[in-house]
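# Examination of the molecular architecture
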Amino acid sequence: MAENWQEWKKSFQVYLKENDCNTKSQDLKVYILKENIGKVGLNVIQNIILKNPKDGNDMNILLEKLDDHFKPRESEVKIRYNFFKRSQRKNESIETYIEVLQEIAKKCNFGHLTNSLIRDKVILNIKDEELLKVLMTIEYLDLFKLVVHYNLYNKRKNSETSTKDMASVNNAQVKNIDNENAKATETKKQSEEINKISRTEGHNKKIHSYSKNNNNQVTNTVDKSCKSNSAQFRKNCWKCDQKHPLRCCPAWGFKCGKCGDHNHYTQCCRMYVPKNEEKNMNVCSIIFFICLCSK
C-alpha cells in the first residue's frame, strides 16, 4: 500500500506540472486531488482528523496527512519496547521526561491506560528510596501529583545538601583558623624558647665572667696571703721562738709553766721575767734608794 501510494503521488505531481496546475488556487488543486485519488483515497481524506477545518482546503496539508497514513507502520511491540526502554536522562526535568513518554505513547495504542502507564514508567525510573516511599503513600497518584511531589522532594533535598555544604565549608574555615592559631601559638613558643635560650646564654656568659673574676680575685688573694706568709716566715714566732709556716707552731697544745695558758713555751711567755733581769732590777732599786738618802 505504501509503495503504491508513493508511485501514485509522483504521477499526480507530474500531472499537475504538465497541466500547469501548480499556479492554480488551493481549492482547485484539492478538487483535482479528490477527483483523481479514487474511492480508497477519498475514504482516507474523509477520516483524516485536522486541527483546523481550513486545512482541508490545502492540498499540501492533505498530501502530508496521506503520507502519514500510507507510510509503513512500526511494529507495536517495537514502539512499546522503545517506550518502556526510555529512561530519564541526566539533567532532564521530570516535565520534559513525561512529555517525551506521552509522545511515544501516542503510537503504542495504550488507550485509556496511557497516563497510568506513563506514571508507572516514571516511578520505575526513580532510584531514590526515600522519594519512592513518599510517592507510595499518596492516594490517587496521577501525573500532576507525581510532578508536584517529585519537585518538592528534590527542592528540599537540594536545600539540605546546600546546608551541609555550607556546614562543611564553615567547618573547613574553622579548622583553618584553628590551624593558624596553632601555628601562631607554636611560633610564639619557639620565639619564647629562643629568647629564653638567649637570656640563658647571656646569664651563663655573666656567670663565666663573674667566676673568672672571682678566680682572679682568689688567685690574687692567695698570692697576697702567700706573700704575707712568706713575710711572716722571716720572723721568729713569739710562742716558740722559731721560724715555721703559718699554723704549724710546735708549741701548739703546750701548757705554759708560768701563766698556765696553752700554746706557747714557758721561756716565751710574756709574763715570765728571767732571773738575771730580776737581779739587775734589784741592784738598780738599791742604788736609786741610796741616792735618795744621801741627798
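To start, this report covers the structure provided alongside it. Given the structure is predicted, the values throughout are model-derived calculations rather than measurements.

### Quick notes on the overall build of the chain
If you tally the helices and strands in the chain, you get nine helices and zero strands. Each helix and strand of the chain, placed in order from N terminus to C terminus, yields the pattern α-α-α-α-α-α-α-α-α. The burial tally for the chain puts 21% of its 295 residues in the buried class. Of all intrachain contacts in the chain linking residues separated by at least 6 positions in sequence, the fraction that spans at least 24 positions is 43%. Working note: accessible area of the chain is about 23,300 Å², and carbon and sulfur atoms make up 54% of it.

### Notes on unusual backbone geometry
Backbone geometry places Asp-241, a non-glycine residue, at a positive phi of 60 degrees. Positionally, Asp-241 belongs in the loop between helix H8 (143–232) and helix H9 (275–294). Positive phi, normally seen in glycine, also occurs at Asn-263, with a value near 75 degrees. By the secondary structure assignment, Asn-263 is in the loop between H8 and H9.

### Focus: the packing of helix H4 (residues 76–85) against helix H6 (residues 114–125)
When two helices pack together, you describe them by how their axes are tilted relative to each other and by the distance separating the axes. Two elements in contact, H4 and H6, have axes whose closest approach is 10 Å; the angle formed by their N-to-C orientations is 45 degrees. Comparing the axis directions of H4 and H6 gives the class oblique. Of the residues in H6, those in contact with Phe-83, Phe-84 and Lys-85 of H4 are Leu-117, Ile-118 and Lys-121. Among the residues making up the contact of H4 with H6, the classes are represented as four nonpolar, no polar and two charged.

### A short note on the nonpolar core
Grouped together as the largest cluster of nonpolar side chains are 23 residues, with contacts concentrated most on Phe-83, Ile-94, Ile-98, Ile-118, Val-122, Leu-135 and Leu-146. Looking at this core, the elements with two or more residues in it are H4, helix H5 (94–105), H6, helix H7 (129–136) and H8. When near neighbours in sequence (up to four residues on either side) are disregarded, Ile-98 contacts Ile-118, Val-122, Leu-143 and Val-147. Counting 16 residues, the second-largest nonpolar core is a separate cluster that includes Phe-12, Cys-21, Met-59 and Leu-62.

### Here's the deal with the pattern of salt bridges
In a structure, side chains of opposite charge can pair up when their charged atoms sit close to one another. Applying the stated criterion across every chain, the model contains seven salt bridges. The partner of Lys-9 in a salt bridge is Asp-67, and the shortest N-O contact between them spans 2.6 Å. Of this pair, Lys-9 sits in helix H1 (residues 2–18) while Asp-67 sits in helix H3 (residues 59–70), placing them 58 residues apart in sequence. Asp-67 matches Lys-9 in its accessibility class, with the two residues each being buried. Glu-103 is the salt-bridge partner of Lys-106, the closest N and O atoms lying 3.3 Å from each other.

### Some words on helix H2 (residues 26–47)
Note that an α-helix has 3.6 residues per turn; residues three or four places apart therefore point the same way. End to end, H2 covers just 20 Å across 22 residues, shorter than the expected 32 Å (1.5 Å per residue, more than 12% under). Of all the bends found along H2, the most pronounced is centred on Gly-38 and spans about 130 degrees. Inspection of H2 places Lys-29, Val-30, Ile-32, Leu-33, Ile-37, Gly-41, Val-44 and Ile-45 among the buried residues, and these make up the whole buried set. Those residues of H2 that are buried are in contact with H1 and H3.

### As for the packing of H2 against H3
Between H2 and H3, whose axes approach to 10 Å, the crossing angle comes to 20 degrees. The angle between H2 and H3 falls in the class roughly parallel. Read as a crossing pair, H2 and H3 show a hand that is left-handed. On the side of H2, the interface is formed by Gln-26, Lys-29, Val-30, Leu-33, Ile-37, Val-44 and Ile-45, while H3 contributes Met-59, Asn-60, Leu-62, Leu-63, Leu-66, His-69 and Phe-70. Residues belonging to the contact of H2 with H3 are distributed by class as follows: ten nonpolar, three polar and one charged.

### A closer look at H3
Spanning twelve residues, H3 covers 16 Å between terminal C-alpha atoms, matching the ideal 16 Å at 1.5 Å per step. Here H3 has its buried residues at Met-59, Leu-62, Leu-63, Leu-66, Asp-67 and Phe-70. Summarising the axial view, the buried residues of H3 lie within an arc of 145 degrees, below the 170-degree limit, and thus occupy one face. Buried-residue contacts for H3 involve H1 and H2. N-capping of H3 is provided by Asp-58, with a side-chain oxygen placed 3.1 Å from the backbone N of Asn-60.

Analysis parameters
- Residues numbered from 1 in each chain as written.
- Predicted model: local features only at pLDDT ≥ 70, side-chain atom pairs only at ≥ 80, totals over all residues.
- Heavy atoms only, no water.
- Helix = DSSP H or I, 4+ residues; strand = E, 2+ residues; numbered from the N terminus.
- Buried < 20%, exposed > 50% of the residue type's maximum accessible area, 1.4 Å probe, protein only.
- Contact = heavy atoms within 4.5 Å.
- Areas by Shrake-Rupley, 256 points an atom, 1.4 Å probe, with all protein chains shown as cover.
- Axes fitted to C-alpha atoms, helices over the stretch in contact; angles between N-to-C directions.
- Parallel < 35°, antiparallel > 145°, perpendicular 65-115°, else oblique.
- Nonpolar A, V, L, I, M, F, W, Y, C, P; charged D, E, K, R; others polar.
- Core = buried A, V, L, I, M, F, W, Y, C linked by side-chain atoms within 4.5 Å.
- Salt bridge = Lys/Arg side-chain N within 4 Å of Asp/Glu carboxyl O.
- Expected span 1.5 Å × (residues − 1).
- Bend = angle between axes of the 7 residues up to and from the residue.
- Left-handed = near helix turned anticlockwise from the far one by under 90°.
- Arc of directions from axis to C-beta.
- Polar contact = N/O pair within 3.5 Å; in protein donor to acceptor, adjacent residues only side chain to side chain.

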